[in-house]
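Coordinate inspection notes
Residue-level listing of the chains:
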Amino acid sequence: MMAGATAFGFGCQQPQRVSRFPATGLPIVWPSPPDTPRIRYMGDIVGEESLGAGSRGWKSLGEVLTGPAPKIRFTTPTAVAVRGERAYVADGQAGAIYVCDLGRRRIESIREAGGKPFEWPIDVAATDGGIVVCDSRRGAVFTFDGGDRFVRAIGTGALQRPAAVAWRGEANEIWVLDAGAHACVVFDVGGNRLRALGGRGAQPGAFNFPAGLTWRSGIGAVVADSMNFRVQLIDAQGTAVEAFGQKGDAAGDFAMPRDVAVDSEGHLYVLDNQFENVQIFDRHGQLLMAFGQEGRGPGEFYLPSGITIDDRDRIWIADTYNRRVQVFQYLRNAK
């Protein structure tokens, strides 16, 4: 599925290469030559072995005596958030947020919040000073500081089935997509409920089992309104300012829009769980291009669930049933 890539606008910054991922031989890019590449495959992470870190100190000595410790491997990664060189991977089945420190080449885990274990951490978002974790079975979101220490629970008893979370930094607000209530609930950082947006329906501003959410200043909230087979752009007051998409199998249609992300130039990325691809649109819903297909190779997916784009325009995709996170680079100044 591909549309004219010439619709992309490009800045002048050179994207930074990341040496954390091994070379893959010839570059894998979309669209294919002779068209100008816009997306480049960088690599994937399946767990500890991907980072190439060895044991140190007493742990290393213990492994000499007892054998190597089991390596952390992802089981059902559903979402990724990135702060600097730390990638936070939500793994529902494992009941963990895996903290992948790419600089130190180590993986650690957060497995509880408020003294209780996670039950199904489905989404995670980076904030200005830490992260916020959405647990669909505990019916709450949990904030952590920059040192990954638990701060507070938010929404306990007020949320039915939280499915996604986003950080609105300019207002210090936490936006929570409640799939059970077909609504978006907004809290302040202290956990106070500020307002609720939406309700079940197909009209503008309403939702039908929404699944993915991100916030981008200048655009607003971008919502994967899954069972309405569309993406909605919502302003801070809850007004729908744009909507696009329909159920179908043509270019620009959706089968199951699962998550959304926005790059530095305002392009909207829609991860489709059933098409097993990413379609890229401008903010008015004009399809620019697409990449990905069903499979297990580089740039192929098996029921992917989450997408995020960091401040270096690296695209992180939770490729759920391939049990990995794949990483791509948006090429801003491709010639």
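Details of the structure are given in the entry above.
Below you will find a few notes about this structure.

**Some remarks on the packing of aromatic side chains**
Inspection of every chain in the model, using the stated rule, returns 15 aromatic pairs. Pairing Tyr-41 with Phe-328 gives two aromatic rings, centres 5.7 Å apart and planes at 70°, and the pair type is edge-to-face. Of the two residues, Tyr-41 sits in strand 2 (residues 39–45) while Phe-328 sits in strand 29 (residues 324–330), which places them 287 residues apart along the sequence. Since its relative accessible area comes to 8%, Tyr-41 is described here as buried. Here Phe-244 and Phe-281 contribute two aromatic rings whose centre-to-centre distance is 4.8 Å and whose plane-to-plane angle is 45°, an arrangement assigned as tilted. With Phe-244 in strand 20 (residues 240–244) and Phe-281 in strand 23 (residues 277–281), this pair connects stretches of sequence that are 37 residues apart. Here the two residues Phe-244 and Phe-281 agree in accessibility, since each one is buried. Members of the aromatic cluster, connected to one another through ring pairs, are Trp-30, Tyr-41, Phe-291, Phe-301 and Phe-328.

**A closer look at the sheet that holds strand 3 (residues 77–83)**
Strands sit in the order 3-4-5-6 across an open sheet of four strands; the sheet is antiparallel. The open sheet has two edge strands, strand 3 and strand 6 (106–110), and neither has a second partner. Between one strand axis and the next, the sheet turns by 25° as a mean value, whatever way the strands run. Pairing geometry for strand 3 and strand 4 (residues 86–91), over six bridges, is antiparallel. Paired with Ala-79 across the strands is Ala-90, a residue of strand 4.

**Here we look at the pattern of salt bridges**
Scanning all chains against the criterion turns up 15 salt bridges. Note that Asp-148 is salt-bridged to Arg-86, the shortest N-O span being 3.2 Å. Here the residue Asp-148 occupies a position in the loop between strand 11 (140–145) and strand 12 (150–154), and Arg-86 occupies one in strand 4, the gap between them amounting to 62 residues. Residue class for Asp-148 comes out buried when judged on its relative accessible area of 16%. Measuring nitrogen to oxygen at the nearest pair gives 3.5 Å for the salt bridge that ties Glu-265 to Arg-332. With Glu-265 in the loop between strand 21 (257–262) and strand 22 (268–272) and Arg-332 in the segment after strand 29, the pair connects residues that are 67 residues apart, well separated along the chain. A relative accessible area of 22% places Glu-265 in the partly exposed class. A relative accessible area of 18% places Arg-332 in the buried class. A single salt-bridge network, built from bridges that share partners, covers Glu-85, Asp-310, Arg-312 and Arg-314.

**Section: the sheet that holds strand 1 (residues 29–30)**
The sheet built from five strands is open, its strands ordered 1-2-29-28-27 with antiparallel pairing. Of all the strands in the sheet, the pair left with one neighbour each is strand 1 and strand 27 (306–309). When strand 28 (residues 314–319) meets strand 29, the two strands line up antiparallel, connected through six bridges. Paired with Arg-314 across the bridge in strand 29 is Gln-329.

**Quick word on the side chain of His-267**
Position of His-267 relative to the elements: it lies in the loop between strand 21 and strand 22. Within the structure, the side chain of His-267 is placed 2.8 Å from the side chain of Asp-263, a separation counted as a polar contact.

**Side note on empty space enclosed by the protein**
Rolling a probe over the atoms, with the probe sized like a water molecule, indicates the empty space that remains. One pass over the full model with this rule turns up two cavities of 30 Å³ or more. Computed from the structure, the largest cavity encloses a volume of approximately 60 Å³. Along its surface, the largest cavity is lined by 13 residues, and Asp-123, Ala-211, Arg-258, Asp-259 and Ser-305 are the ones closest to its centre. Among the secondary structure elements, those contributing two or more residues to the lining of the largest cavity are strand 3, strand 9 (121–126), strand 13 (162–168), strand 17 (212–216) and strand 21. Looking at the lining of the largest cavity, its residues break down into six nonpolar, four polar and three charged. As a volume, the second largest cavity reaches approximately 40 Å³.

What counts and what doesn't
- Residues numbered from 1 in each chain as written.
- Predicted model: local features only at pLDDT ≥ 70, side-chain atom pairs only at ≥ 80, totals over all residues.
- Heavy atoms only, no water.
- Phe/Tyr/Trp six-rings, centres within 6.5 Å; stacked < 30°, edge-to-face > 60°.
- Helix = DSSP H or I, 4+ residues; strand = E, 2+ residues; numbered from the N terminus.
- Buried < 20%, exposed > 50% of the residue type's maximum accessible area, 1.4 Å probe, protein only.
- Pairing = 2+ DSSP bridges.
- Axes fitted to C-alpha atoms, helices over the stretch in contact; angles between N-to-C directions.
- Salt bridge = Lys/Arg side-chain N within 4 Å of Asp/Glu carboxyl O.
- Polar contact = N/O pair within 3.5 Å; in protein donor to acceptor, adjacent residues only side chain to side chain.
- 1 Å grid on protein atoms, 1.4 Å probe; cavity = no way out; pocket = protein on both sides within 12 Å on 5 of 7 lines; lining within 4 Å.
- Points joined across faces, edges and corners; volume = space filled by probe spheres on them.
- Nonpolar A, V, L, I, M, F, W, Y, C, P; charged D, E, K, R; others polar.

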